[in-house]
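Observations on chain architecture
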Amino acid sequence: MARLISKETIAPAFTRYVVHVPEVARKHRAGQFVMVLLHDHGERIPLTIADSDAEEGTITLIVQEVGKTTMEMALLEPGAEIEVAGPLGTPTHVENWGTCVCVGGGAGIAPLLPIARAMKEAGNHVISILGGRTEELVILRPEMEAASHEMIYTTDDGSFGKKGFVTTALAELIEERGRPDVVIAIGPAIMMKAVSDMTRPLEIPTIVSLNSIMIDGTGMCGGCRITIGAETKFVCVDGPEFDGHAVDFDLLMKRQRMFVRQEEEARRRFEELHRCRAMESAEVK
Amino acid sequence: MGRDLKPAERLKIPRHPMPAQDPVVRRSNFNEVALGYTPEMAMEEAERCLQCKKPQCVEGCPVGIDIPAFIEAVADGEFLKALEIIKQKNTLPAICGRVCPQEDQCEQVCVVAKKHQPVAIGRLERFVADIELAGGEVSMPEPARPSGFKVAIVGSGPAGLACAAELARMGHQVTIFEALHKPGGVLVYGIPEFRLPKDIVQYEIDNLKKMGVEVRCNFVVGKTASVKELMEEWGYDAVFIGTGAGLPYFMGIPGENFIGVYSANEFLTRVNLMKAFAFPEYDTPVALGNRVAVVGSGNVAMDCLRTALRLGSEHVVCLYRRTRAESPARLEELEHAEEEGVDFRWLTSPVEILGNDDGVVTGVRVIKMELGEPDSSGRRRPIPIEGSEYEIEVDTVVMAIGQGPNPLVTQTTEGLELNRWGNIVVDETTMMTSIPGVFAGGDIVTGAATVILAMGAGKTAAVGIDGYLRQTAGQPRATAAATA
Ligand SMILES: Cc1cc2nc3c(=O)[nH]c(=O)nc-3n(C[C@H](O)[C@H](O)[C@H](O)COP(=O)(O)OP(=O)(O)OC[C@H]3O[C@@H](n4cnc5c(N)ncnc54)[C@H](O)[C@@H]3O)c2cc1C
Ligand SMILES: Cc1cc2nc3c(=O)[nH]c(=O)nc-3n(C[C@H](O)[C@H](O)[C@H](O)COP(=O)(O)OP(=O)(O)OC[C@H]3O[C@@H](n4cnc5c(N)ncnc54)[C@H](O)[C@@H]3O)c2cc1C
Ligand code: SF4
Ligand code: SF4
Ligand code: FES
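Residues numbered from 1 in each chain as written. Chains lettered and ligands numbered in written order. Predicted model: local features only at pLDDT ≥ 70, side-chain atom pairs only at ≥ 80, totals over all residues. Heavy atoms only, no water.

Below, the discussion takes up the overall build of chain A. Counting secondary structure elements, chain A contains nine helices and 16 strands. For 285 residues, the compact-globule estimate of 2.2 N^0.38 gives 19 Å, and chain A sits close to it at 19 Å. Referenced to the eigenvectors of the C-alpha coordinate spread, the extents of chain A come out at roughly 65 × 45 × 40 Å. Sequence-distant contacts in chain A: of pairs separated by 6 or more residues, those separated by 24 or more amount to 65%. Looking at chain A as shown, the accessible area adds up to about 12200 Å², and 50% of this sits on carbon and sulfur atoms. (Helix = DSSP H or I, 4+ residues; strand = E, 2+ residues; numbered from the N terminus. Rg over C-alpha atoms; globule rule 2.2 N^0.38 Å. Contact = heavy atoms within 4.5 Å. Areas by Shrake-Rupley, 256 points an atom, 1.4 Å probe, with all protein chains shown as cover.)

Turning next to the side chain of Q105(B). Here Q105(B) is to be found in the loop between helix 7 (93-99) and helix 8 (106-109). The residues touching Q105(B), leaving out its near neighbours within four places in the chain, are G60(B), P62(B), C100(B), T450(B) and I452(B).

Take the site of ligand 4 next. Residues in contact with ligand 4, as listed here, are C49(B), L50(B), C52(B), P55(B), C57(B), P68(B), C110(B), V111(B), V112(B) and I121(B). Residues of the shell around ligand 4, tallied by class, amount to ten nonpolar, no polar and no charged. (Near = heavy atom within 4 Å. Nonpolar A, V, L, I, M, F, W, Y, C, P; charged D, E, K, R; others polar.)

Residue and element names in this part refer to chain B. Burial analysis of helix 5 (residues 67-75) places seven of its nine residues in the buried class, which makes it a mostly covered element. Looking at helix 5, one finds that the buried residues are I67, P68, F70, I71, A73, V74 and A75. Buried-residue contacts for helix 5 involve helix 3 (39-46), helix 4 (56-60), helix 6 (79-87), helix 8 and helix 9 (121-133). The first or second residue beyond helix 5 is G77, which carries a positive phi of 75 degrees. (Buried < 20%, exposed > 50% of the residue type's maximum accessible area, 1.4 Å probe, protein only.)

Residue and element names in this part refer to chain A. Structurally, S148 can be placed in the loop between helix 4 (141-146) and strand 10 (150-155). Considering only alpha carbons, one finds S148 and N124, 24 residues apart in sequence, at a separation of 9.4 Å. Non-local contacts of S148, meaning those with residues more than four positions away in its chain, are made with K120, V126 and S128. Within the structure, the side chain of S148 is placed 2.5 Å from the backbone oxygen of M144, a separation counted as a polar contact. (Polar contact = N/O pair within 3.5 Å; in protein donor to acceptor, adjacent residues only side chain to side chain.)

A separate point is the site of ligand 3. Around ligand 3 sit C61(B), P62(B), I65(B), I67(B), N90(B), C100(B), Q102(B), Q105(B), C106(B), I121(B), E125(B) and I452(B), and those are all the residues in its vicinity. Partitioning the shell around ligand 3 into residue classes produces eight nonpolar, three polar and one charged.

Moving on to the interface of chain B and chain A. Across the boundary between the two partners, chain B contributes 47 residues, which contact 46 residues of chain A. Surface buried jointly by chain B and chain A totals about 3800 Å² across both partners, of which 55% is contributed by carbon and sulfur atoms. For the chain B face of the interface with chain A, the top three residues by lost area are K223(B), N257(B) and D283(B), together amounting to 19%. Note that K68(A) is salt-bridged to D283(B), the shortest N-O span being 2.7 Å. At the boundary of chain B and chain A, one finds 22 residue pairs in polar contact (both at pLDDT 80 or more). By residue number, the principal contributor to the side of chain B that touches chain A is helix 14 (residues 264-273) of chain B, which donates four residues. Here the residues of the side of chain B that touches chain A sort into 22 nonpolar, 13 polar and twelve charged. (Buried area = accessible area lost by both parts, 1.4 Å probe. Salt bridge = Lys/Arg side-chain N within 4 Å of Asp/Glu carboxyl O.)

With that settled, consider the packing of aromatic side chains. Across all of its chains, the model carries twelve aromatic pairs over all chains by this definition. Ring centres 4.5 Å apart and planes at 20 degrees place the aromatic pair F30(B) and F277(B) in the stacked group. On the criterion of sequence distance, the pair formed by F30(B) in the loop between helix 2 (23-26) and helix 3 and F277(B) in the loop between helix 14 and strand 7 (291-295) is long-range, its members being 247 residues apart. Of the residues examined, F277(B) reaches a relative accessible area of 35% and is grouped as partly exposed. When the ring of F344(B) is compared with that of W346(B), the centres are 4.9 Å apart and the planes differ by 10 degrees; the resulting orientation is stacked. In this structure F344(B) comes out as buried when scored by relative accessible area, which is 15%. Across from the ring centre of Y153(A), 5.9 Å away, lies the NZ or CZ of R141(A), which sits over that ring. Sitting over the face of the ring of Y236(B), K150(B) holds its NZ or CZ atom 4.6 Å from the ring centroid. (Phe/Tyr/Trp six-rings, centres within 6.5 Å; stacked < 30°, edge-to-face > 60°. Lys NZ or Arg CZ within 6 Å of the ring centre and 35° of its normal.)

Relative placement of two packed helices is described by the angle separating their axes and the distance separating the axes. All names here are of chain B. In the contact formed by helix 6 and helix 9, the axes pass within 9 Å of each other and the chain directions differ by 105 degrees. By the angle between their axes, helix 6 is roughly perpendicular relative to helix 9. Where helix 6 abuts helix 9, its residues F79, L80, A82, L83, I86 and K87 lie against E125, F127, V128, A129, I131 and E132. For the contact of helix 6 with helix 9, the per-class residue count stands at nine nonpolar, no polar and three charged. (Axes fitted to C-alpha atoms, helices over the stretch in contact; angles between N-to-C directions. Parallel < 35°, antiparallel > 145°, perpendicular 65-115°, else oblique.)

Looking now at the sheet that holds strand 1 (residues 150-154) of chain B. Residues and elements named next belong to chain B. Reading across the sheet, the five strands line up as 3-2-1-4-16 and stay open at both edges, with parallel pairing between neighbours. Edge positions in the open sheet fall to strand 3 (214-216) and strand 16 (438-440), since each of these has one partner strand only. Pairwise comparison of adjacent strand axes, ignoring direction, gives a mean angle of 20 degrees for this sheet. With three bridges joining them, strand 2 (residues 173-177) and strand 3 adopt parallel strand pairing. (Pairing = 2+ DSSP bridges.)

Further remarks concern the domain arrangement of chain A. Residue and element names in this part refer to chain A. Its domain assignment divides chain A into domain 1 (2-88) and domain 2 (99-256). Each of domain 1 and domain 2 was reduced to a C-alpha centroid, and the two centroids are 21 Å apart. The interface of domain 1 with domain 2 comprises 18 residues on the first partner and 21 residues on the second. For the pair domain 1 and domain 2, the two sides together bury roughly 1600 Å², of which 67% comes from carbon and sulfur. Taken together, the links from domain 1 to domain 2 amount to two salt bridges. Two residues, R117 and D51, come together in a salt bridge whose shortest N-O distance is 3.3 Å. Our enumeration of links across domain 1 and domain 2 arrives at four residue pairs in polar contact (both at pLDDT 80 or more). Elements that contribute at least two residues to the side of domain 1 that touches domain 2 include exactly strand 1 (2-11), strand 2 (14-20), strand 3 (33-37), strand 4 (45-48) and strand 6 (58-64). For the side of domain 1 that touches domain 2, the residue count by class is twelve nonpolar, three polar and three charged. (Domains from an automatic or database assignment.)

Before going further, it helps to examine the pairing of strand 14 (residues 396-399) of chain B. All names here are of chain B. Here strand 14 shows no split at all, with T396 and V398 on one side and V397 and M399 on the other all buried. By the bridge criterion, three bridges tie strand 6 (residues 261-263) to strand 14 in an arrangement that is parallel. Looking across to strand 14, one finds that Y262 is bridged to V398.

This next bit is on the nonpolar core. Across soluble globular proteins, nonpolar side chains have a tendency to be buried as a group. Ranked by size, the top nonpolar core spans 105 residues in total, and within it I67(B), F70(B) and L230(B) carry the most contacts. Here this core takes ten residues from helix 19 (residues 451-473) of chain B, the largest share from any one element. Ignoring any residue separated from it by four or fewer positions in sequence, one finds L230(B) in contact with A152(B), V154(B), F177(B), F219(B), V221(B), A225(B), G235(B), Y236(B) and V239(B). Listed in part, the 36 residues of the second largest apolar core include I127(A), I129(A), A169(A) and I174(A). (Core = buried A, V, L, I, M, F, W, Y, C linked by side-chain atoms within 4.5 Å.)

To continue, consider the sheet that holds strand 9 (residues 343-345) of chain B. One key point about sheets: their strands pair by backbone hydrogen bonds, in either a parallel or an antiparallel sense. All names here are of chain B. Spatially, 6-14-7-8-9 is the arrangement adopted by the five strands of the open sheet, whose pairing is parallel. Lying at the two open borders of the sheet, with one neighbouring strand each, are strand 6 and strand 9. Across the sheet, the mean angle separating the axes of adjacent strands is 20 degrees when strand polarity is ignored. Across the sheet, helix 14 lies against strand 6 and strand 14, angled at about 85 degrees from strand 6, the strand it touches most.

Put into structure tokens, the structure is as follows:
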């Protein structure tokens, strides 16, 4: 069992967790994730290891509350015991490419952070482009600034940084400064697809990290499978990082919606339950 | 033996049918289908055994249980004695009595089977084992004096469990490392509750813990620590790899990644391990349509078909490219599936999965087959009949065409010799791999096989490990480190 050490809200519906799980902390490398199970009735969900401290035996997870399990996780208190297995997935291939552009959107900034760090450490010139709907949803800014040489921010309405999407900023960057040596894009599938579509004709190597639905995370179920070129790959063991130019994003997006109906039902039930509980405790007071 | 009967009289007793839940009722619940013999039924069935001098049945049992001896004890009403006889060879009788393909093993060669129906050896085994589960006292063997050696077991399927039990009994300190959050392997994530209640598996695991075996879940060997690290950094003197055949195969036909296509592993894991049948009480969902096609006809396929029925699907079709006679499933499961209303399409193979613009399955295009000449496996090879293609409307397809070895451990263990299918090569007498001190057994060695073979391999390996530790390894690592 792993123990929750601390938890902190870092943006609306974004929580940072520090979890004590020494074996995982010791072995973690950038690009890897863990499978988390909150309790006996829970669902196993994959979460990227945003940071690790081998000495303390802890890992950091940064999680966006999007549905039942992530919302329930946000209610945990320090000291809670959860099940954590990992580190899973193939670590990021890190080398000195030259100039490395890290593009992150929404919750994708969390998995991007350790990769940006590793790329900087390997000697790359790291330029990060981070975007979100609003300023407060552009998470982990101090951490990403420390892991990058240059920063570009975007928000949908332009209230912070440039107006528009990260792709707009990436296009401008390429136009002004020429072709970078590698692009790493992590975020919603639609964003990774847009980035890949932009870099493909320019032949800029592009790495994306895919978030397909997983169960075991060990290559046993095939539920996380996606199409890469003509091949079927398992995201949990062959990935989660792949060549963005070869990924069938349309299929990925369709497969991500496999259980939407059930997910909505679970979330509705969860929210109702907690609203009732909140009302009850209000009445008691 | 019980009553004094002549062989001819024994042969006249008909084989006692297994009491079972009514098909109409059971196809909508997950309770166990086969209910088990009563003591009277068991004693009467035991009378059918001829107590052969050279019992063929024992040869047919992969672990060589003294079948006539235990059956005699049953006939005499000495059920606990019967259990002790079984347990000398079989660590998990309540499980094997339920899931062994008896008709291909012990019961196939029972002499009674020549003219009549074989003695119901498996059912008797189960009956006896269930007495223990119901609280009957069994004397647990005294564990030997602690040897000081530490052994790591990778994987908690029947191979790992059996190996752990034997080693613990021999006095070694054993830790089981399991990747999932629950131990049991296929017994827990694959075989459904209605065939093997999970309480039984839990009971066996609790017994192991009582014997001092440590079980560490959420530990993915090859990721959390490698085999080499377990030996060099974690201080294990030997390692047993029992990681099974967990890698799902797909057919490679168009449409296989559509929404609504599951591997059998995914489908069964969602339902059994994660309890998706009780969604939303349990958080993991399973999306299943009213019309389901399962490809394959082994035990795994039967489990998927019958699970789909129980989840409420109205029309459940089995697609198999050979005939019923070649179906590798246990006969009992095949019959149960038929009784429950599965639509079997023999000599039928899918060529394409059809889907709509949203990538959701709408059907499967199949082709009819005929049997040609026998192939290398001795089975007649199915040949597609040209022009016989047709479509079946379905909204879910489950691929149950087999599993291969999961490469997580094998790829991260340098120097481990594998065969061309990726299975680990071992010395058959000791089960040692090409790496000294590293042993393997079960499906990871043989490819997908059976519970009893995996269990037997685990036991054989335990003997091999014990020999290795006592002779080759010399001192336990811990002591060696202390004196160094
Ligand atoms: C390799 C990997 C790393 C990830 N890392 C992070 C991270 O660091 N931080 C973060 O906030 N999120 C991360 N995710 C996404 C996270 O796993 C999902 O948000 C989470 O599973 C949602 O669960 P839920 O019950 O709260 O929401 P649900 O209502 O169940 O689902 C919301 C959405 O999440 C996706 N999802 C649902 N179940 C799963 C599942 N079992 N596995 C994967 N995705 C699922 C679906 O596409 C769905 O549309 C990662 C996903 C993957 C595959
Ligand atoms: C659905 C289904 C139905 C079946 N029905 C029958 C039947 O009726 N009768 C019969 O005799 N046989 C049946 N079988 C076959 C039988 O279950 C297997 O042959 C048997 O379970 C093999 O045992 P094992 O110990 O080798 O491996 P498994 O039972 O597969 O166990 C392997 C364990 O190792 C774990 N593991 C894998 N990799 C790692 C790792 N890297 N680190 C840590 N742990 C790891 C896995 O999570 C798993 O728990 C069935 C199989 C399936 C899938
Ligand atoms: S273990 Fe299996 S093969 Fe052996 S006697 Fe029991 S049922 Fe038969
Ligand atoms: S072969 Fe049949 S009859 Fe003979 S001992 Fe075995 S079970 Fe009894
Ligand atoms: S999550 Fe099961 S194979 Fe990847």
